[in-house]
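Summary of the model geometry
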Amino acid sequence: MTQFLFVTDLDNTLVGNDHALARLNQHLSQHREEYGSCIVYATGRSPTLYRQLTTERLLLEPDILVPSVGTAIYFKGTETPDPEWISKLSQNWNREQVVAIAAHFADLQTQPPDEQTPFKASYFLAETVAAAVLPKLESALKQQGLDIQLVYSSGRDLDILPRQGNKGSATRFLQQRLNIPPERTVMCGDSGNDLSFFQQNQEARGIIVGNAQPELLEWHQANPSPNRYLAHSHCAAGILEGLLHFGFLSQPNPAAK
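A few points on the structure. (Residues numbered from 1 in each chain as written. Predicted model: local features only at pLDDT ≥ 70, side-chain atom pairs only at ≥ 80, totals over all residues. Heavy atoms only, no water.)

Secondary structure assignment for the protein chain yields nine helices and 11 strands. Rg of the C-alpha trace for the protein chain: 18 Å, near the compact-globule value of 18 Å for 257 residues, within the 12% margin. For the protein chain, the C-alpha atoms occupy an extent of roughly 55 × 35 × 35 Å along the three principal directions. Looking at the protein chain as a whole, 52% of its 257 residues qualify as buried. In the protein chain, the proportion of contacts linking residues at least 24 apart, taken out of those at least 6 apart, comes to 61%. Of the roughly 11,700 Å² that the protein chain leaves accessible, carbon and sulfur atoms contribute 48%. The distance from the centre of the 20 positive side-chain charges to the centre of the 27 negative ones in the protein chain is 3 Å. (Helix = DSSP H or I, 4+ residues; strand = E, 2+ residues; numbered from the N terminus. Rg over C-alpha atoms; globule rule 2.2 N^0.38 Å. Buried < 20%, exposed > 50% of the residue type's maximum accessible area, 1.4 Å probe, protein only. Contact = heavy atoms within 4.5 Å. Areas by Shrake-Rupley, 256 points an atom, 1.4 Å probe, with all protein chains shown as cover. Lys, Arg positive; Asp, Glu negative; His and termini not counted. Charge placed at Lys NZ, Arg CZ, Asp CG, Glu CD.)

And the structure:
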């Protein structure tokens, strides 16, 4: 057993099975204490909604928080986003221009204020029209010289982000910052906003929980990799299953499916 970088989504990945979460917390807490492993929460939630979740579920305090789909990084002990990461995201990004262009698309419904950040414009978009709307929206944004990406997940949630503003790029940034190699990195997810984890970190180890959304399962099946594991179990139980599979934990996995 040695140090590793543990990066996980929260809703329906780490969170969703309280009994399994308690067991996983025990394993991770012990591993962090003994080997210095680093726990990172990479979530679509804003900092405000993340804090709300901590009052509802028993979560370990992370070493690093990556909220708002990778558009901020908070190291433990600080209340301000990492300035180096902010500098990277700022290149060719203009949120006011993004919002102005998106306003011309009637099918986009603006998400609540808590979901809007300086580097994320978030909307609801019905799955029935998404295939027609997304290419037109992306083209309109890029024609204005904006270096953006669209992240659509769970059949309704659309985030317009800087090109580097995603969970995968944030994970690569942390690997370099912490000097932890890809083979000692494990990433866990369940939906479309976790795709960048696996697309941009192919040498790292990936765990897709058994309750993953169709968009992630379809991509996984079309892009198989020995470095990626599709768990049978759901949520934290699936993470435990995957950590055992890759040898990050040596204890027998007691998780019930």
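Tracing the sequence through the fold places Thr117 in the loop between β5 (109-110) and β6 (121-124). Under the relative-accessibility criterion, Thr117 is labelled buried at 14%. For Thr117, the contacting residues outside a window of four places in its chain are Ser68, Thr71 and Arg95.

Tallied over the full model, the rule gives five aromatic pairs. Measuring from centroid to centroid gives 4.7 Å for Phe4 and Phe248, while their planes differ by 45°, and the two rings are tilted. With a gap of 244 residues between them, Phe4 in the segment before β1 (5-8) and Phe248 in the segment after α9 (235-246) connect regions that are remote in the sequence. Classification of Phe248 as buried rests on a relative accessible area of 2%. Relative to Tyr50, the ring of Tyr41 has its centre 6.3 Å away and its plane inclined at 55°; by these criteria the two rings are tilted. Here the two residues Tyr41 and Tyr50 agree in accessibility, since each one is buried. (Phe/Tyr/Trp six-rings, centres within 6.5 Å; stacked < 30°, edge-to-face > 60°.)

Turning our attention to the pattern of salt bridges. The full count for this structure, using the stated rule, is 12 salt bridges. A salt bridge links Asp63 to Arg32; the nearest nitrogen and oxygen atoms lie 3.1 Å apart. With Asp63 in the loop between α2 (47-56) and β3 (64-66) and Arg32 in helix α1 (residues 18-35), this residue pair connects regions lying 31 residues apart in the sequence. In this structure, the salt-bridge partner of Asp147 is Arg163, at a minimum N-O distance of 3.0 Å. Taken together, the residues span a long stretch of sequence, with Asp147 in the loop between α5 (127-142) and β7 (148-153) and Arg163 in the loop between β8 (157-162) and α6 (167-178) at a distance of 16 residues. Judged by its relative accessible area of 23%, Asp147 falls in the partly exposed class. Arg163 sits in the partly exposed class, given a relative accessible area of 47%. (Salt bridge = Lys/Arg side-chain N within 4 Å of Asp/Glu carboxyl O.)

We note that Asn12 has phi near 65°; this positive angle belongs to a residue other than glycine. You can see Asn12 is positioned in the loop between β1 and α1. For Asn12, a relative accessible area of 41% corresponds to the partly exposed category. If you check the backbone angles, Asn179 has positive phi at about 60° while not being a glycine. Note that Asn179 resides in the loop between α6 and β9 (185-189).

What follows concerns the pairing of strand β10 (residues 205-208). Relative to β10, β9 runs parallel, the two sharing four bridges. Bridging from a neighbouring strand, Cys188 pairs with Ile207 of β10. Following the backbone out of β9, through helix α7 (residues 195-200) and into the adjacent parallel β10, one traces a crossover that is right-handed. Across three bridges, the pairing between β10 and strand β11 (residues 228-230) is parallel. (Pairing = 2+ DSSP bridges. Right-handed = clockwise from strand over helix to strand, strands pointing away.)

Our focus in this paragraph is the environment of Ile207. Counting through the fold element by element, Ile207 comes out in strand β10. Classification of Ile207 as buried rests on a relative accessible area of 0%. For the pair Ile207 and Phe197, spaced 10 residues apart in sequence, the C-alpha separation works out to 9.9 Å. Leave out the neighbours within four places in its chain, and Ile207 touches Val186, Met187, Cys188, Gly189, Phe198, Tyr229, Gly238, Ile239, Gly242, Leu243 and Phe246.

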